[in-house]
Amino acid sequence: MASRANTTRWTARLVEGIRELGHTPVRFAFHLAVARLITQWRSLLTIIAGTILAASIGALVPLYTTAVAQVGMTQRLDQQAARDVHLSAGISLKASVWTEGVEQKAAASTAI
């Protein structure tokens, strides 16, 4: 019985505290914040859109610089004579049974 009385008392105090919250400055501050948000939504929307745009541009800069560097490298390699270009590419996958002879064809096609 004692625990039930404590639970009832605790619930009553909680309800009284919630009612009392309506008369505190917290409620006033909340209403003020909502009122300012309603009146200044256009400027806030502009700030949010600008922030998202700046973050997007900042995130795309590394991708852009990598793409430009890659294009520059391929253009420079295309301008060089084939005997002056020293490239090697490796594949870590092993050829399966149906690809027998592909290594010889690849070696023959890359020979200068």
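Everything below is about the structure printed above this text.
A brief report on the enclosed structure follows. (Residues numbered from 1 in each chain as written. Predicted model: local features only at pLDDT ≥ 70, side-chain atom pairs only at ≥ 80, totals over all residues. Heavy atoms only, no water.)

**What to know about the overall build of the protein**
- For the protein, the count of helices and strands is 4 helices and 0 strands.
- In the protein, the order of α-helices and β-strands from amino to carboxyl end is α-α-α-α.
- In the protein, which comprises 112 residues, the proportion classed as buried is 2%.
- If you sum the accessible surface of the protein, you get close to 10,800 Å²; carbon and sulfur atoms cover 66% of it. (Helix = DSSP H or I, 4+ residues; strand = E, 2+ residues; numbered from the N terminus. Buried < 20%, exposed > 50% of the residue type's maximum accessible area, 1.4 Å probe, protein only. Areas by Shrake-Rupley, 256 points an atom, 1.4 Å probe, with all protein chains shown as cover.)

**Some thoughts on helix α3 (residues 41-79)**
- Between its first and last C-alpha, α3 extends 56 Å over 39 residues, near the 57 Å set by a 1.5 Å rise per residue.
- Maximal helix bending in α3 amounts to about 35°, located at Val61; proline Pro62 follows within four positions. (Expected span 1.5 Å × (residues − 1). Bend = angle between axes of the 7 residues up to and from the residue.)

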